[in-house]
Amino acid sequence: MKIANQTTSAVSLVQAALGKIDQYQDWHIFTFVNRDAALKRAREIDKKIKNGEPVGRLAGVPYALKDNFLSKEGETTASAKILTGLTSPLNATCVEKLEAEDAIMIGRTNLDAFAHGSSTENSFFGPTKNAFDPERVAGGSSGGSAVAVALGCAEFATGTDTGGSIRQPASFNGVFGIKPTYGAISRYGVVAMASSTDVVGFFAKTPADLDLLMSVASGKDAKDLTSLPDFYGFEDKKLKKKKIGFVKEFVESPALNPELKTALEAKLSAFRSKGYEIVELSLPTLEYALATYYILQPAEVASNLSRYDGIRYGFRSKNLDPAKVCSADENPEKTALDLCYQQTRQEGFMRENKRRIMIGNFVLSSGFYDAYFLKAAKARTLIIKEFEKAFEKVDAILSPVAPNPAFRLGEKVNDPVSMYLEDVMSVPVNLAGIPAVAFPAGWTESNPASKSTKNPTKNPTKNPTKNPVSKLPLGLQLLGPRRSDKQLLEMVEEIL
Amino acid sequence: MPATPSSKTTADKTSSQNPQKYGLTIGIECHVQLKTKTKLFSEVDNDARGKAPNSCVSPVDYALPGMLPRLNGEAVRLAIRAGAAMNAEINPKSRFDRKHYFYPDSPKGYQITQFYSPIIGAGFIELPSGKKIRIEHAHLEGDAGKLSHYADYSLVDFNRVDTPLLEIVSMPDISSAEEARDYCKELWRNMLFADVTNGDLYNGNMRFDVNISLKKPEATELGTRAEIKNLNSFRSVERAVLYEYERQSKLLDHGEKIVQETRGWSDATGKTTAQRSKEVAQDYRYMPEPDLPPLNLSEDFIQAEYSACPKLPQDYRRDFAKKLPTDTLEVLLDYPLLMSRLSELATDHAAALAYIANLFSSVLLAEENASLLNDKLPEAAKLAELADMKAQNELSSTSAKEIFLKLFEEKHYDKSPRALAKELNLIQENDSAALEALINEVLKDPSTKSAQEDFKNGKEKVLGFLVGSVMKASKGKANPAAVSKLLKNKLK
């Protein structure tokens, strides 16, 4: 990525990014643009460079911050109404580390509210559009971040990946995304979704950029007891077996888009030509990963969203008159406090947030805990073990990120199960806590059921695609054992 | 602090009113606030005494999004020490869980506790009677905030949020109101001696929830229980149990059922009242806390903390059994500092032990001297010197008490008892020759003549007057016992 130096100034980098942000306003990429502060910082950095003072490894690089990271700049909303008005008194650890290397936050990006979703359609601020077809979804939940990088609004972007939220939008928009090993980067200051699978990661244009970002942001943080001791860059390189696996159950799945299957086979050939042996793996337990994930994740979601009650910060409902908001059959003894909780959460959460709160509370409720939560926790252990066994045989596993390329806006948002099925190939990685790198692997031959004649963009010059709109990006992911983050990036680099 | 020695009267009253009609089964949960420097999950001050509301609160405590709990190692160490004070097993592996409920005193919407795997396993507390009350387990958890309610609004103070609590759960081994009180008191003493809490009951450092059920003596199953929440004195524990016995036995007498419920206690009315029924009890939706890894403690770590536990009441009872009267000892066993000082005396100045113990219990702990008792006690050597001067009749008992109390005053901290006695001119005259001279002077005085005659005629009562006259002449410095003896000899 471009870094400010004697030939390129931070101001010109920031101005270029701001220009793109303005150009793609209709894509709903940003929830906040840090215009003045970013330019001010850029000028400071340019001054340092001019004076020969040392600058950070990310000097002047404009980056987009997913709006679920706490930062003192702008409101941290997680694209949820209930957090509107929240100004953070502190920065997330990840933000601190990026800023310490002189990166410049250019704006906050849109997401599915609280990262609940696979399309960024569940945002209080409206959906982000796909970088290559504005009738299609950006993917999610980090849709804004992926599109920001794809369209040049930022040199890189932060993301969070709880069940595919970095990899799927990366693959829908033709950029690179890393979902690091669980605990590689501190979660401190990142709005929690499902704490046991949440990871912080990045979007960028090259594996080398992701490598630099990982070396900047990873490491033990005393403020996050689940963060791992420093390992990035210290991995044992002698582990290489020169073997790449693929998962039979994924490749043979009738749900898998044929073009993605072809792209996968092409990349396997590429690995073979680099001297890797290709190994077919059967991972039958992965069949249960989606069900397991959609029990554990909503449980943690329901718990993590309990703190949003309108008492201390963010949005509080003004409709607190029982005569107006309570139906006749509701408890007439409802207190003002009950109403405050009820109305604030009723109005402040999106439909999908509420769906997960209800599922989560159900699986945690007394009498159902053993049947659902505990059983899912056991299934998770089996999935972890199955991956461990697989990585005794291979260095990495090549897999699709999602069964299909970007789908249409509105196509799945009212059909939660088909939306959840989007995650079938991404969630096993999160349950196992292993790293994965999503990378572009070509384009569709044509835009499936393309409606390009009815392109909604009024101004054709705003059309972002350098590629014809008839084609959509295809994405794959490479999975490895825990702490193999750097090797995965190197292996992806080999087959580009 | 009710420091009265255990009285048998209340228990006798219970049994005489209700001669064995129903058996009482009591189990007690106690919340102990641990005296750590910082909170259980954040690095802000844990001691909010005298501080403005919401001034000891970090973003972790008020649950800003994205905040993660950091476990306070000191709380873990204090918990282990508390475990030692309960003769309990420490679990090398324990975990934290979330207990969910909505209320403004709980900013996260859940309390972090140890529901599935507590840090402390089975143990027991031995009562002064010798009965052992078994401890089921004890676990670490964060305290809640405080609400204050006004006419049309309420305020919340988060200073207390995530103050470390150790919840100690007893087995239902307690069978009378008196025993319930004794258990609470003995538990309090053990926590105080183990030095894990400030133990200030008035300020809620220890709170008791008492579960009470009644059953007919022949019944094999326990009756339905009621839980009385948030008692904060030994006396209210005892009174609440007595009240509940009356209430429940009346219901049972009339063939009515006991409702399983939570009840509150009012010291003012002396009654318990229903708070909420367990039938519509909240479902806490417990879940493992994903932000805190399991707590793994090494054997060495546990051993080190276990053996760091200071002497406990039962240790002192054993050590002092033959050296001090039981009544005195039981009074002093509310005060770890006094006991530790007495222990030093017993080792290095054994002769002073009984006298100083008596001064502690009868003089220092008298209500009018309450303000003198703080963390700064006179050193053992000073106390021993005082006891020695008294034993050598260098000080009258009145003067000795006076000097004893002065030793606790800040302005006298650096003075020895002898220096103080000299300064205050309190050293007694014991020298026979000097005393005889004084006596002779008094006997020569015409105003004592009639008294002398009376004494010789067998009216021994007047001796007091004569001794008093000598004391007066000595300006109070003469040893009255010696004077009396000498006078008797003279007048024979």
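Residues numbered from 1 in each chain as written. Chains lettered and ligands numbered in written order. Predicted model: local features only at pLDDT ≥ 70, side-chain atom pairs only at ≥ 80, totals over all residues.

Enquirer: Teacher, can you tell me more about the overall build of chain B here?
Expert: Across its full length, chain B carries 16 helices and 15 strands. The globule rule puts the C-alpha radius of gyration for 492 residues at 23 Å, and the 29 Å found for chain B is more than 25% above it. Projected onto its principal axes, the C-alpha coordinates of chain B cover approximately 95 × 55 × 50 Å. In chain B, which comprises 492 residues, the share counted as buried stands at 42%. Counted over contacts in chain B with a minimum sequence separation of 6, partners at least 24 positions apart contribute 70%. (Helix = DSSP H or I, 4+ residues; strand = E, 2+ residues; numbered from the N terminus. Rg over C-alpha atoms; globule rule 2.2 N^0.38 Å. Buried ≥ 20, exposed ≤ 12 C-beta atoms within 10 Å, placed from the backbone. Contact = placed C-beta atoms within 7 Å.)

Enquirer: Whenever I open this one, the sheet that holds strand β4 (residues 110-113) of chain B confuses me. Can you help?
Expert: Strand pairing in a sheet relies on backbone hydrogen bonds. The paired strands run either parallel or antiparallel. Residues and elements named next belong to chain B. One open sheet holds the three strands; their spatial order is β4-β3-β14, and the pairing between them is antiparallel. At either end of the open sheet lies a strand with only one pairing partner, and these are β4 and β14 (287-288). Across four bridges, strand β3 (residues 97-100) lies against β4 in antiparallel orientation. Counted as the bridge partner of Asp-97 is Thr-113 from β4. (Pairing = 2+ DSSP bridges.)

Enquirer: Whenever I open this one, unusual backbone geometry confuses me. Can you help?
Expert: Generally, phi is negative for residues other than glycine and the peptide bonds are trans, each holding for most cases. Ser-141 of chain A follows Gly-140 of chain A through a cis peptide bond whose omega is 10 degrees. Note on placement: Ser-141 of chain A falls in the loop between β3 (104-109) and α4 (143-150). In this structure, Ala-63 of chain B is a non-glycine residue whose phi angle is positive, near 65 degrees. In this fold, Ala-63 of chain B is placed in the loop between β1 (23-33) and α2 (73-85).

Enquirer: Looking at this structure, how should I read the interface of chain A and chain B?
Expert: Many authors give the size of an interface as the accessible area that is lost as the parts come together. Each partner contributes residues to the interface: chain A has 32 residues there, and chain B has 23 residues. Of all elements in the fold, only α9 (289-304) and α12 (351-364) of chain A reach the threshold of two or more residues within the side of chain A that touches chain B. If one sorts the elements of the side of chain A that touches chain B by residue count, α9 of chain A sits on top with three residues. Taken together, the residues of the side of chain A that touches chain B sort by class into 15 nonpolar, ten polar and seven charged. (Nonpolar A, V, L, I, M, F, W, Y, C, P; charged D, E, K, R; others polar.)

Enquirer: So what exactly am I meant to see when it comes to the domain arrangement of chain B here?
Expert: Structurally, chain B comprises domain 1 (9-304), domain 2 (311-423) and domain 3 (432-491). The C-alpha-based centres of domain 1 of chain B and domain 3 of chain B are spaced at 65 Å. (Domains from an automatic or database assignment.)

Enquirer: I tried to follow the pairing of β3 of chain A on my own but got confused; where do I start?
Expert: Successive side chains on a regular strand alternate, one facing one side of the sheet and the next facing the other. All names here are of chain A. Burial within β3 is extensive, with six of its six residues counted as buried. Here strand β1 (residues 30-33) runs beside β3; their pairing, made up of three bridges, is antiparallel. Bridge pairing in β3 links Val-33 to Gly-107. Of the pairings in the sheet, the one linking strand β2 (residues 62-66) to β3 comprises five bridges and is parallel in character. Note on β3: the bridge partner recorded for Ala-64 is Gly-107. Following the backbone out of β2, through helix α3 (residues 93-100) and into the adjacent parallel β3, one traces a crossover that is right-handed. (Right-handed = clockwise from strand over helix to strand, strands pointing away.)

Enquirer: Is there a simple way to explain the nonpolar core in this structure?
Expert: Here is a general trend for soluble globular proteins: nonpolar side chains tend to be buried in one another's company. Tyr-63 and Phe-203 of chain A together with Ala-82 and Val-210 of chain B are the most contacted members of the largest nonpolar core, which has 230 residues in total. Discounting residues that sit within four places of it in the chain, Ala-82 of chain B has contacts with Val-32, Ala-138, Leu-166, Met-191, Ala-194 and Val-196 of chain B. (Core = buried A, V, L, I, M, F, W, Y, C linked by C-beta atoms within 7 Å.)

Enquirer: Before we go on, may I ask you to explain the confidence of the model for chain A in this structure?
Expert: The pLDDT averaged across chain A works out to 93; a share of 93% of its residues lies at or above 70. Across residues 450-468 of chain A, where pLDDT falls below 50, the model places 20 contacts with residues more than four positions away in sequence or in other chains. (pLDDT = per-residue confidence, 0-100.)

Enquirer: Sorry if this is basic, but what is going on with the confidence of the model for chain B here?
Expert: Predicted coordinates in areas of low pLDDT are best not read in detail. Residues and elements named next belong to chain B. Looking at chain B as a whole, its pLDDT mean stands at 91, while 95% of the residues score no less than 70. Note on residues 1-18: pLDDT under 50 across the span, and 23 contacts to partners over four residues away in sequence or across chains. The complex prediction reports pTM at 0.91, with the ipTM value standing at 0.94.

Enquirer: I would appreciate a short explanation of helix α11 (residues 336-348) of chain A in the present structure.
Expert: Think of an α-helix as 3.6 residues a turn; residues three or four steps apart then line up on the same face. Residue and element names in this part refer to chain A. Given a rise of 1.5 Å per residue, 13 residues ought to cover 18 Å, and the 17 Å separating the end C-alpha atoms of α11 matches this to within 8%. Buried residues of α11: Tyr-341, Gln-342, Gln-343, Thr-344, Arg-345 and Gly-348, and no others. Of the surrounding secondary structure, the elements contacted by the buried residues of α11 are α10 (322-325). (Expected span 1.5 Å × (residues − 1).)

Enquirer: Please clarify how the sheet that holds strand β10 (residues 436-443) of chain A should be interpreted in this entry.
Expert: Residues and elements named next belong to chain A. One open sheet holds the eleven strands; their spatial order is β1-β3-β2-β4-β6-β5-β10-β11-β9-β7-β8, and the pairing between them is mixed. Edge positions in the open sheet fall to β1 and β8 (277-281), since each of these has one partner strand only. On average, each strand axis in the sheet is inclined to that of its neighbour by 30 degrees, with strand direction left out of account. Relative to β10, strand β5 (residues 176-179) is paired through three bridges, and the arrangement is antiparallel. Bridge assignment links Lys-179 to a residue of β10, and that residue is Ala-436. Together, β1, β2 and β3 form the strand contacts of helix α1 (residues 10-23), whose direction differs from that of β3 by roughly 15 degrees. In this fold α4 packs onto β1, β2, β3, β4 (156-161) and β6 (199-204), with an angle of close to 155 degrees to the strand it touches most, β4. (Axes fitted to C-alpha atoms, helices over the stretch in contact; angles between N-to-C directions.)

Enquirer: Help me out: how do you make sense of the packing of helix α6 (residues 207-217) of chain A against helix α16 (residues 485-494) of chain A in this one?
Expert: Relative orientation and spacing of two packed helices are given, respectively, by the angle between their axes and the distance between those axes. Residues and elements named next belong to chain A. Taken N-terminus to C-terminus, the directions of α6 and α16 make an angle of 165 degrees; their axes are 9 Å apart at the nearest point. The angle between the axes of α6 and α16 places the two elements in the roughly antiparallel class. Between α6 and α16 lies a crossing of left-handed hand. Contact with α6, carried on its side by Pro-207, Leu-210, Asp-211 and Met-214, involves Asp-485, Lys-486, Leu-489, Val-492 and Glu-493 of α16 and no other residues of that element. Class assignment for the residues of the contact of α6 with α16 results in five nonpolar, no polar and four charged. (Parallel < 35°, antiparallel > 145°, perpendicular 65-115°, else oblique. Left-handed = near helix turned anticlockwise from the far one by under 90°.)

Enquirer: Explanation requested: the packing of α2 of chain B against helix α5 (residues 299-307) of chain B in the structure shown.
Expert: Residue and element names in this part refer to chain B. It is the contact of α2 with α5, at a shortest axis distance of 8 Å, that shows an interaxial angle of 65 degrees. For the crossing formed where α2 meets α5, the hand is right-handed. Seen from α2, the contacting residues are Arg-77, Ile-80, Arg-81 and Ala-84; seen from α5, they are Ile-302, Glu-305 and Tyr-306. When grouped by side-chain class, the residues that make up the contact of α2 with α5 number four nonpolar, no polar and three charged.

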